[in-house]
Amino acid sequence: MASFLNSKFRFITYIVVGFVLIIISALLAAATMPLLIDNLTYQGQRGYEAGGVIGMQLGLIGIVLTVLIIEVFRAKSDSN
């Protein structure tokens, strides 16, 4: 794992994993949010589209936080 975090192409992996996370979270939210909340509307979207928008935004937040945490731990391990 340490060699992966120090590789030159780790950002390509971050991008691929990020897109997969966005797609999975958008599909899960689009499938479940309208079932949990009646008359779901979000940013002008209704129903499954609103769930997909919420899922994409949650996926983006998850990507940013994950990459930030990984990079902070990598920097700390490099300094030790």
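What comes next concerns the included structure. These figures come from a predicted structure and were not determined experimentally.

Glancing now at the overall build of the chain. Within the chain, the regular secondary structure consists of three helices and two strands. Start at the N end of the chain and walk to the C end: the helices and strands fall as α-α-β-β-α. Since a compact globule built from 80 residues should have a radius of gyration of about 12 Å, the 17 Å found for the chain marks it as more spread out than a globular shape. With the principal axes as the frame, the chain shows a C-alpha extent of 55 × 20 × 20 Å. Counting all 80 residues of the chain, 26% fall into the buried class. Here the chain displays about 5,900 Å² of accessible surface, and carbon together with sulfur accounts for 73% of that area.

The subject of this paragraph is the pattern of salt bridges. Pairing is possible between side chains of opposite charge, provided their charged atoms come close. Overall, the coordinates contain two salt bridges when judged by the stated rule. Among the ionic pairs, Glu 71 bridges to Arg 10, the shortest N-O distance being 3.0 Å. Placement of the pair is Glu 71 in helix 3 (residues 48–79) and Arg 10 in helix 2 (residues 10–36), with a sequence separation of 61 residues. Judged by relative accessible area, Glu 71 falls into the buried class, the value being 18%. Residue Glu 71 pairs with Arg 74 through a salt bridge whose shortest N-O separation is 3.1 Å. Residue Glu 71 and its partner Arg 74 are located together in helix 3, separated by three residues, close to a single helical turn. The class for Arg 74 is buried, based on a relative accessible area of 16%. One salt-bridge network, in which partners are shared between bridges, spans Arg 10, Glu 71 and Arg 74.

Turning to helix 2, a few remarks are in order. Compared with an ideal rise of 1.5 Å per residue, which puts 27 residues at 39 Å, helix 2 spans 38 Å between its outermost C-alpha atoms and is within 8% of the ideal. Along its length, helix 2 reaches its greatest deviation from straightness, about 25 degrees, at Ala 29. Those residues of helix 2 that sit buried are Arg 10, Tyr 14, Gly 18, Ile 22, Ser 25, Ala 26, Ala 29, Ala 30 and Pro 34.

In this section: helix 3. In this model helix 3 runs 46 Å from its N-terminal to its C-terminal C-alpha over 32 residues, within 8% of the 46 Å that 1.5 Å per residue would give. Turning to helix 3, its buried residues number three or more, namely Ala 50, Gly 51, Gly 52, Val 53, Ile 54, Gly 55, Gly 59, Ile 63, Glu 71 and Arg 74.

Cut-offs and rules
- The residue numbers shown here count from 1 along each chain, following its written sequence.
- Per-residue local features are limited, in this predicted model, to residues with pLDDT of at least 70; the limit for side-chain atom pairs, both in listing and counting, is 80 or more; totals at the level of whole chains, interfaces and linings are taken over all residues.
- The basis for the side-chain values is all heavy atoms of the structure; hydrogens and waters are excluded.
- Each helix is a run of H or I in the DSSP string that is no shorter than four residues. Each strand is a run of E no shorter than two, and both are numbered from the N terminus.
- We compute the radius of gyration over the C-alpha atoms and compare it with the globule rule, which gives 2.2 Å times the number of residues raised to the power 0.38.
- The classification of residues rests on relative accessible area computed with a 1.4 Å probe and restricted to protein chains. Under 20% of the type maximum is buried, over 50% is exposed, and intermediate values are partly exposed.
- Method for areas: the Shrake-Rupley scheme with a 1.4 Å probe, in which residue coverage is limited to the protein chains shown.
- When a carboxyl oxygen of Asp or Glu is within 4 Å of a side-chain nitrogen of Lys or Arg, the pair counts as a salt bridge.
- In this analysis, the expected span of each helix is defined as 1.5 Å times one less than the number of residues it contains.
- Bend is the name given here to the angle between axes fitted to two runs of seven residues, the run ending at a residue and the run starting at it.

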